[in-house]
Amino acid sequence: MGLNATEASADRLRALLAAGLPAGTPPAHSALLLLSVATGQEEVRLYRRVANGTPSHETAVFRSEPPHDAFALDLIAALHAHRLHNWQPLRDGYMPGVIHMGTRRATGQVGWAIDLRHLTEDDE
């Protein structure tokens, strides 16, 4: 019997992250998927917790706007599929507006914060 959509999207995302990031890169704990309302361009920011548990250490940024590589577009597509098929309201979050942390001004983006820890943990 085949995988259901939830398992398939998680497996695709897990494999993509394992294959697309440089060898030895620690796993990402969360992803921020951002969509620019004005341009339709997207970006993904990957984060991981540091030793003391601080949740905001950014490790990578991938954008859909040129120049981009195939991995960026594949990652964005995989996160959208995962968001559609494996959304967990108590784990993931939607942001109707994003504020730039430096300027404190609206960025014109909406976003999805996606918890990725379950991709590397055996208990989920």
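Residues numbered from 1 in each chain as written. Predicted model: local features only at pLDDT ≥ 70, side-chain atom pairs only at ≥ 80, totals over all residues. Heavy atoms only, no water.

Broken down by element type, the protein carries two helices and five strands. The secondary structure elements of the protein, listed N-terminal to C-terminal, are α-β-β-β-α-β-β. Relative to its length of 124 residues, the protein is compact, with a C-alpha radius of gyration of 15 Å against a globular reference of 14 Å. Its C-alpha atoms give the protein principal-axis dimensions of about 50 × 35 × 30 Å. When each of the 124 residues of the protein is scored for burial, the buried share is 36%. For the protein, long-range pairs separated by at least 24 residues make up 49% of all intrachain contacts whose partners lie at least 6 apart in sequence. (Helix = DSSP H or I, 4+ residues; strand = E, 2+ residues; numbered from the N terminus. Rg over C-alpha atoms; globule rule 2.2 N^0.38 Å. Buried < 20%, exposed > 50% of the residue type's maximum accessible area, 1.4 Å probe, protein only. Contact = heavy atoms within 4.5 Å.)

This part is about the packing of helix H1 (residues 5-20) against helix H2 (residues 70-85). The geometry of H1 relative to H2 is characterised by a closest axis approach of 9 Å and an angle of 155° between their N-to-C directions. In terms of their interaxial angle, H1 and H2 are classed as roughly antiparallel. Note that H1 runs across H2; the crossing there is left-handed. Contact residues: Ala 5, Thr 6, Ser 9, Ala 10, Arg 12, Leu 13, Leu 16, Leu 17 and Gly 20 in H1; Phe 71, Asp 74, Leu 75, Ala 77, Ala 78, Leu 79, Ala 81, His 82 and His 85 in H2. In the contact of H1 with H2, the residues fall into 11 nonpolar, five polar and two charged. (Axes fitted to C-alpha atoms, helices over the stretch in contact; angles between N-to-C directions. Parallel < 35°, antiparallel > 145°, perpendicular 65-115°, else oblique. Left-handed = near helix turned anticlockwise from the far one by under 90°. Nonpolar A, V, L, I, M, F, W, Y, C, P; charged D, E, K, R; others polar.)

A word on the confidence of the model for the protein. Within the protein, residue pLDDT values average 84, and 91% of them lie at 70 or more. Across the protein, the secondary-structure element scoring lowest on mean pLDDT is H1, at 84, and the one scoring highest is strand S1 (residues 30-36), at 92. (pLDDT = per-residue confidence, 0-100.)

The next point concerns the pattern of salt bridges. Pairing of side chains with opposite charge becomes possible as their charged atoms draw close. Enumeration according to the criterion identifies six salt bridges in this entry. A salt bridge links Arg 45 to Glu 58, with the nearest nitrogen and oxygen atoms 2.8 Å apart. Taken together, the residues Arg 45 in strand S2 (residues 42-48) and Glu 58 in strand S3 (residues 57-63) connect sequence positions 13 residues apart. Several salt bridges share partner residues, and in doing so they unite Glu 43, Arg 45, Glu 58 and Arg 63 into one network. (Salt bridge = Lys/Arg side-chain N within 4 Å of Asp/Glu carboxyl O.)

Each regular strand displays side chains that alternate between the two surfaces of the sheet. Counting buried positions along strand S5 (residues 109-115) yields six of seven residues, so the element is predominantly enclosed. By the bridge criterion, three bridges tie strand S4 (residues 93-95) to S5 in an arrangement that is antiparallel. Opposite Tyr 94, over in S5, you have Trp 112 as the bridge partner. (Pairing = 2+ DSSP bridges.)

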